[in-house]
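Below are the chains, spelled out letter by letter.
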Amino acid sequence: MAFQNLGTLRYQTWIDATVLNFHLLSRWYSVQGRTQVRYVDFFSAIPSISSGIHVLPEVEETSLFKQRHLIHSLPANPSTPIAFVVMHASHFFVVVFDYQDDSAFVLGRRISNVPDTPHPYYDELHDDWNRWNGPFYWSRIAALHGYDSADPKDVSVLVYNWTQNGYDCGPIASFVMESLMASGLYGASNTIQIPPIPCGHRLRLQMLAIVREACRRSWEDYRYLSTTILPPGDIWSQWDDTQALTEDAIMEVENEVSGQQDASIIRELNVVGSNCPVCNRIDPGMDEHCATHSDDDLPNEDEDIPTGDQPPLDAKAQRLRDLLRRYPYVSKARDRDSRAPHAVNGANIQVESATEDPLEIIRTRKHVKDWTTGSMFRFPRPTPAVHLPAYQGRRWRPFDRKYDEYECGPVLESLYQDRNHYEIVEEAYYRPGIWTSFRDYGYRLLSSFSQMFYLDPPVRLADHILPVGIPDGYDSSHQINDHVTGDYSLRRIPPPSSPSKSKVLVEDVVILSASDMIQTSTDDSSTLINTFVRGKYEDGRHICLNLELDRVPLTSEQLEVTVDIDSLVWVTRDLQFRTPLAVYLGPVLEEKALMQKNNHVYVDILIPQSVEDAKDTGGRTEWLTMSFPLCGIPHTTFGTLSNASGSMNIYICFPRMIHRDEMTHRRAKRIPKEVLDFFWEHVLLPAISEHADVGSAPYVSLTLGEVRFKARKGTKKRPGRPKAVPFSMGVLNKINHTMKEIIQGDPLRYANYGSFFFVVDCKGIKLWAKALLFQEGSSPIDALLDGIPALDWPYMVNRNNGELLVDLGIGIHPKWDENLVGLWRLDCLEASFGAGGYLRGNIHHTCTLGRYGAMQAEMSQERARQTHVAFRSAYSLAYEVIRPNDNLPTFVMDKDAYALNSDFMQECREAIKMYSGEAKKRSYGVRDEYRMGGMAMEKIMDDLAHRLLGQVEIFLASNAILWIPSKVWFEFQARRVRALQMVQISLKELDPPNLGILTGIICHMIWCTSSTPIILDYHVRESMALLQFSRICERFGLFFLSDLDMRKAPHLKEVQQHDDLEVLKLMQAKLTKPQGQQAWPRITLDDDEERFPIGNMPTWSRLTKTIRDKPWLVMRSWTWSRQLSYLEPVAGKLFVQFTCQLWIQMEDAWLIDPEKRPEPTSLEDAVECWTLNTTFKTIRACAFNPCNAEVHGSMGTGRRQPSFSDRMSVFFPEVTQGKPARRSPWNIFWTKPGYISEYHEMMKGRTVLEQLEVTNHLAKIFSLLQTLPDATKGSAKTPGKTWRVEDERVVLVTNPKFYKIEGISKEGEQRPARRKISRAVKSRNRVHMDLMEHAGYGELMSSKAQLSERSRLEQARNRKSAKAKNARKPPERRTVIS
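Residues numbered from 1 in each chain as written. Predicted model: local features only at pLDDT ≥ 70, side-chain atom pairs only at ≥ 80, totals over all residues. Heavy atoms only, no water.

Q: Tell me about the overall build of the protein, and name the residues and values.
A: In terms of helices and strands, the protein carries 45 helices and 31 strands. Split into buried and exposed, the 1378 residues of the protein put 51% on the buried side. Considering only contacts within the protein whose residues lie at least 6 apart along the sequence, 79% involve residues at least 24 apart. For the protein, the computed accessible surface area is about 67,500 Å², with 51% contributed by carbon and sulfur atoms. (Helix = DSSP H or I, 4+ residues; strand = E, 2+ residues; numbered from the N terminus. Buried < 20%, exposed > 50% of the residue type's maximum accessible area, 1.4 Å probe, protein only. Contact = heavy atoms within 4.5 Å. Areas by Shrake-Rupley, 256 points an atom, 1.4 Å probe, with all protein chains shown as cover.)

This is the structure:
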């Protein structure tokens, strides 16, 4: 009946007595009753009362009770207390009888008007045990055990009560009973010990896991025993009460062993547990061991504050500062309201040309002397930004204590992702479950959370738009290095008579324009490669590219300046539009987060308060906030706003879920499907249904299952995008309000969804919001509202409704008879960014040009708050030729170029086609975009015809833009790509040993023609440093491979000359042995595996040969077993530690890639480390042996081998076995931090019951492994082995549970027929006949002589006795005593 009543374990539901009793009995039987107190099951303890008279049990009932409670195997001992559970007045509580001391203990009977924790107190009125028939229980329990009990009137009754919620009494009683079984009734000082009681949802999850597994095991036992012929009088026949169960009930257990019927209960309990503030509060003493991660990429609040202006800290502030240092994720949190305004000084920022050092591991490569040469150089910033005095206006919106829930939430100390030990999830053990990870961490919102800028209008906005940074008289057209022109002197001190520099004759360099390089090169591959790849002129001189030679000078009258709004981002808690908003009726599931990249929009999040502040009276006093990028907050699509101009996405963000993934240490921003489903099913859809009228109810009042059913598409009914239904603003505001009420009404279920806000993201609208700068009466705001009438601009600009950010795009386009392309001069652009007070940012060198490209940077935080400008991006519109719609430029993988497949060739052809096509017939200008606030945008529009116009005129006069003919620029790019493609084709034909390294260089150069990719692969970074990338670009104006020689090896002598294993893996190259054989066999990945590939009953020799040659053929694929999700956490932790340390012990020479040595962090990862596939890919050479344990018909296959569960004792020896010898490889694990030492230390503080549970769980893990090292035990005399090598291969043993066989054939191996060998000698009979004939006898006489000889021999054999015939004895068996 327990299985049918599992639903009573649902949250806030009274559990059924059958579930509680079955749970405790399963725990009792798992240890064969060897506990500190004896347990009496719930139904056996109930007294039999007839007409008010207590009837003692009969002899038959007593005998059956003793059998079921193992009293015959464990003699009755009155000194052992007896415990049981009583239900009285719909309330469960625990009772313990001590018949030796004549004492009765009543635990947890009363739950109101009692202390919060267990406290001994007896109330004669309310605690009288006659109220629940306590004396009858005393007499019945004693009779069942055969005790002579004292009179109930003489029994001393002790009562311990504590506060309970009224519906968790069953789980609490079960927990108290389990603690009594494990630890006993009395503590160290002979007092009653009751441990701290966890929350009810945790207890329910634990009971559900145990009861469900116990039901499965009981079903298996029932199936086995019901089909087995039992001997007469077997105890099973006496206990068989299955007649009370119908066959339908038993089949229900069989059909529902997957546990899917309990999925809703598990999800609800996990949700409540993840949002419970009591469970998520961690002991403050544990925070020192919490592994947290920093957020160095977030803006720094203190970047503009002078050191001397820091106010002194009081004692509480110092404690809070020290606490924040332990949590680097929020270490930059500050109380921005209490910070005094300060001035923002302009500074002459000299940008260093060197970048930061790469990873420490790269520095150990001594042949790479200077890694900074692998990245581009930067330019100086000669003009400082304007000085801004301390801000005197309004800064933030007024504080409102009712804006969010600031009290009784999770505290700062709970930020560490502590694994919920009772959470049931379909993931690897020790990997945080989805509900534990996406829980309420305590983050909240202030009323000013969306503010990036101060409330008052922007300060000196025009000084930060198109500022000029170069000094007067600067010649921006001089872009050639003096080392090339020779305009420098070799003297240390120039002679006074010659103030100008002396000319140095440079004979090995020729300066060419882009058009000159095009004319020099022909269609011949060698000339094209020499010009555009090697940078070599016809006479062998180096080519220095000078694009200024192709310059077309333009005046401001020959340029057209446009102003537009390119994109829009609005952060708000209350949506408002002029048209209805379409809301999705189901979650939109994407592979990646929707806001994947940082859009330079930040929100200020209130971090959790500390435990100390939460305990103080008077309310919260800590108001520390921290800026988080929008892309770092978990979010999903909420709705869409579509019209003729396109569509705007509306996202809903959940700041309370902010955290970093424990495995990747990256922000977890993509919300899992289960968490989204729960929000839609319990929050959004109910809110929509509540406000749906009669006419729209059939369309919108749906369940999530109905939405998914309607969204199916195609004949195969695949999942599709959910339907989006429009709602008016009035209904939408009601839905929003109802959602907040649902979340606040049940915080235990929905707290993690609280504090939500919306983000309106509108991209690519520049064509709808464009205006001419020199045309009066033209405004991009008016054009935007005309193109997208749904936007309510006055409401969005109002700072009380949120923060609006728009991208002001200033486009500069040529008006010339010839089509031109504009390129930013980086020296002028860098100086302009410095004059505007922007940070260092990112610089992009177009086509690896040394002095032309693009730049992006954010503004310093305090300056941005005053000017309302957050970000600036300047780039060339020539990028639009190959710009993808998602603005994520990519090139084919290096492995495609390595294989020279059709993808690589097609990608190169398409790029050449784009550059050589219609792009030459169009003009492409430049853009300068500024992400600013809505108030700043309105101010810019007010100054559009006055101040901004003059600023543009001054900026254009600085000649920051180079204009060259379009046909020259795009033909130059096309020939560059074509030349690099030819190089790759030639290298593939030559097939050098470093083809992978050379391929990485060529692909990077091709990719750089269109964009500036981030170099991720180490071998490419190393090659760029060895090739002096930045120095070549600076000196020759373009990156060339000057030493590339296609005629002789090495083809490029500066780089590594052999591909290492990491490069070969990236290229997916085939590793081969010297003999030409494949170095490593590939495992087949067929989806439809053959059931018995070598037959269902193969011979042992054939099985052995198959496992050694092709183990994947006969072994099933490994999948994660759900059984391991329910094991004790300690077992999983020990196994993870064992796996890590055993792989660490292996010599690097045996590993294919020592840097990718297995280092699992979860139980699933650790088990996967021992799979066939992982060992194949990790160990350079290994041999697999079969195992005959538990294989049907394996008798006669040799010595019986231990099963995988039995091998657990080899890797986890008991402390009683003794420490092995020092020379033993096991010895190191017996001392800290060895896993065996940790195992022994952990087992010391556990009871026998707990130790047995840990070893059983470890054995369970080992039984589900695919492979293990063929290890042997170590002792004081024999060293043993952990990793064994045989025939230059690491030996691993395979688990027979994965064999695709039914057993081993007992028939002998059918040997192949021996091939008949040609004989040089005739048979004896034939020789005898020929000899007779040769001696002169005829054929007849020869035959008769042969027959008579046969007859004589036969008669001689017949005359022998049986003893003579059997005289030969077999050899004696030799016995070897080891």
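Q: Explain the environment of S1117 to me, and be specific about the residues and the numbers.
A: Considering the arrangement of structural elements, one finds S1117 in the loop between α36 (1111-1114) and α37 (1129-1145). Given the relative accessible area of 48%, S1117 is considered partly exposed. As for S1117 and F1298, which are separated by 181 residues in sequence, their C-alpha atoms are 7.8 Å apart.

Q: Any chance you could break down the nonpolar core for me, citing the residues and the numbers?
A: Membership of the largest hydrophobic core comes to 103 residues, with the highest contact counts inside it found for I465, L568, L581, F638, M739, Y753 and M932. Among the elements that make up this core, the one with the highest residue count is helix α17 (residues 673-690) (10 residues). Not counting chain neighbours up to four residues away, the residues in contact with L568 comprise V760, D761, C762, L784, L791, M796, L804, L805 and V806. V510, A897, L987 and F1040 belong to the second largest nonpolar core, which has 77 residues in total. (Core = buried A, V, L, I, M, F, W, Y, C linked by side-chain atoms within 4.5 Å.)

Q: With reference to specific residues and values, describe unusual backbone geometry.
A: Apart from glycine, the bulk of residues carry a negative phi angle, and the bulk of peptide bonds sit in the trans form. Put simply, A1049 and P1050 share a cis peptide bond, and its omega is -5°. Structurally, P1050 can be placed in the loop between α33 (1029-1036) and α34 (1061-1067). Note the cis peptide between K1232 and P1233, where omega equals 5°. Residue position: P1233 is located in the loop between α40 (1208-1211) and α41 (1235-1244). For A89, which is not glycine, the phi dihedral falls at a positive 55°. Here A89 is to be found in the loop between β4 (82-87) and β5 (92-98). The class of A89 is exposed, set by a relative accessible area of 65%. Positive phi values are uncommon outside glycine, yet D102 reaches one of about 55°. One can find D102 in the loop between β5 and β6 (103-107). Under the relative-accessibility criterion, D102 is labelled partly exposed at 27%.

Q: I'd like to hear about the sheet that holds strand β9 (residues 444-445), residue by residue, with values.
A: A sheet is described by the order of its strands in space; here 3 strands give the open sequence β9-β14-β15, paired in antiparallel fashion. With partners counted over all chains shown, the strands left at the sheet margins are β9 and β15 (625-629), one partner each. Across 5 bridges, the pairing between strand β14 (residues 602-606) and β15 is antiparallel. What sits directly across from Y602, in β15, is P629. (Pairing = 2+ DSSP bridges.)

Q: Mind laying out the pattern of salt bridges, listing which residues take part and the relevant values?
A: One pass over the full model with this rule turns up 36 salt bridges. Put simply, K921 and E918 hold a salt bridge, and the shortest N to O gap is 3.6 Å. For D1148, the salt bridge identified is with R1157, shortest N-O distance 2.1 Å. A relative accessible area of 37% places D1148 in the partly exposed class. For R1157, a relative accessible area of 14% corresponds to the buried category. In the salt-bridge network here, residues are joined through shared partners; they are R27, E178 and E1253. (Salt bridge = Lys/Arg side-chain N within 4 Å of Asp/Glu carboxyl O.)

Q: Residue-level account of the sheet that holds β5, with values.
A: Read across the open sheet, the 6 strands follow the order β1-β4-β5-β6-β8-β7; overall the sheet is mixed. Strands at the two margins of the open sheet, each flanked by one partner only, are β1 (38-39) and β7 (119-120). Pairing of β6 with strand β8 (residues 156-161) involves 5 bridges; the strand directions are parallel. Within β8, the residue paired with L107 across the bridge is Y160. Relative to β5, helix α5 (residues 169-183) is tilted by about 25°, and along the sheet it contacts β1, β4, β5 and β6. (Axes fitted to C-alpha atoms, helices over the stretch in contact; angles between N-to-C directions.)

Q: Provide a residue-level description of the packing of aromatic side chains, including the pertinent values.
A: On inspection of all chains with the given rule, the structure shows 56 aromatic pairs. Relative to F628, the ring of Y443 has its centre 5.9 Å away and its plane inclined at 75°; by these criteria the two rings are edge-to-face. One end of the pair, Y443, is in the loop between α12 (434-437) and β9; the other, F628, is in strand β15, with 185 residues separating them in the sequence. Given the relative accessible area of 0%, Y443 is considered buried. (Phe/Tyr/Trp six-rings, centres within 6.5 Å; stacked < 30°, edge-to-face > 60°.)

Q: Outline the environment of R1284, listing residues and values.
A: Mapped onto the fold, R1284 is located in strand β30 (residues 1284-1285). Taking the relative accessible area as the measure of exposure, R1284 reaches 19% and is therefore buried. A sequence separation of 15 residues divides R1284 from P1269, and the C-alpha atoms of the two residues are 7.3 Å apart. Ignoring any residue separated from it by four or fewer positions in sequence, one finds R1284 in contact with N1185, D1270, R1289, V1290 and V1291. Reaching out from R1284, the side chain makes a polar contact with the side chain of E1286 at a distance of 2.8 Å. (Polar contact = N/O pair within 3.5 Å; in protein donor to acceptor, adjacent residues only side chain to side chain.)

Q: Tell me about the side chain of E929, and name the residues and values.
A: Counting through the fold element by element, E929 comes out in strand β26 (residues 926-933). Only 3.0 Å separates the side chain of E929 from the side chain of Y875, close enough to count as a polar contact. Sequence-distant contacts of E929, defined by excluding residues within four places in its chain, comprise D566, D807, L808, G809, F871, R872, S873 and Y875.

Q: Could you give me a rundown of the packing of α41 against helix α42 (residues 1248-1263), with the residues and numbers involved?
A: In contact at an axis separation of 10 Å, α41 and α42 are set at 145° when each is read in the N-to-C sense. The hand of the α41/α42 crossing is right-handed. Residues Y1239, M1242 and M1243 of α41 pack against Q1251, V1254, T1255 and L1258 of α42. (Left-handed = near helix turned anticlockwise from the far one by under 90°.)

Q: Mind laying out the pairing of strand β24 (residues 852-858), listing which residues take part and the relevant values?
A: Along β24, 6 of the 7 residues are buried, which leaves the element largely enclosed by surrounding structure. Here strand β23 (residues 842-845) pairs with β24 via 4 bridges, running antiparallel. Considered in β24, the bridge of H845 is made with G853. Counting the residues in the hairpin turn of β23 and β24 gives 6 residues, including C847, whose phi is positive at 55°.

Q: Explain the environment of M1195 to me, and be specific about the residues and the numbers.
A: Within the secondary structure, M1195 is located in the loop between β28 (1182-1185) and α40. Taking C-alpha positions, M1195 is 10.0 Å from S1305, a pair spaced 110 residues apart along the chain.

Q: Provide a residue-level description of the pairing of β26, including the pertinent values.
A: Within β26, 8 of the 8 residues are buried, which leaves the element mostly enclosed by the surrounding structure. One ladder, built from 8 bridges, connects strand β21 (residues 803-814) with β26; its direction is antiparallel. When the sheet's bridge partners are listed, I812 is paired in β26 with V926. In this sheet, β26 lies alongside strand β25 (residues 869-876) in antiparallel orientation, the contact comprising 7 bridges. Pairing of V869 across the sheet is with M932, part of β26.

Q: Residue-level account of helix α28 (residues 934-942), with values.
A: Of all the residues in α28, the buried ones are G934, A936, M937, I940 and M941. The buried residues of α28 occupy an angular sector of 160° when projected down its axis, which confines them to one face. (Arc of directions from axis to C-beta.)

Q: Describe in detail the packing of helix α3 (residues 59-68) against helix α4 (residues 134-145), supporting the description with residues and values.
A: Interaxial distance between α3 and α4 falls to 8 Å at its minimum, and their mutual angle equals 75°. Of the possible angle classes, the one that applies to α3 and α4 is roughly perpendicular. Counting all contacts with α3, which are made through E61, T62, F65 and K66, the residues of α4 involved are R140, A143, L144 and H145. Taken together, the residues that form the contact of α3 with α4 break down as 3 nonpolar, 2 polar and 3 charged. (Parallel < 35°, antiparallel > 145°, perpendicular 65-115°, else oblique. Nonpolar A, V, L, I, M, F, W, Y, C, P; charged D, E, K, R; others polar.)

Q: Go over helix α32 (residues 1018-1026), please, and point to the residues and values.
A: Burial of α32 is extensive: 7 of the 9 residues sit out of reach of the surface. All buried positions along α32 are accounted for by H1019, V1020, E1022, S1023, M1024, A1025 and L1026. Next to the buried residues of α32 lie α31 (995-1007), α33 and α34. Remark: Q1028 follows α32 within two positions and exhibits a positive phi of approximately 60°.

Q: Mind laying out the confidence of the model for the protein, listing which residues take part and the relevant values?
A: Here the protein shows a mean pLDDT of 80. Residues at 70 or above account for 80%. Segment residues 282-298: pLDDT under 50, and 37 contacts once partners within four positions in sequence are set aside and those in other chains are kept. This stretch, residues 1071-1089, has a pLDDT under 50; its non-local contacts, to residues over four places away or in other chains, come to 25 contacts. (pLDDT = per-residue confidence, 0-100.)

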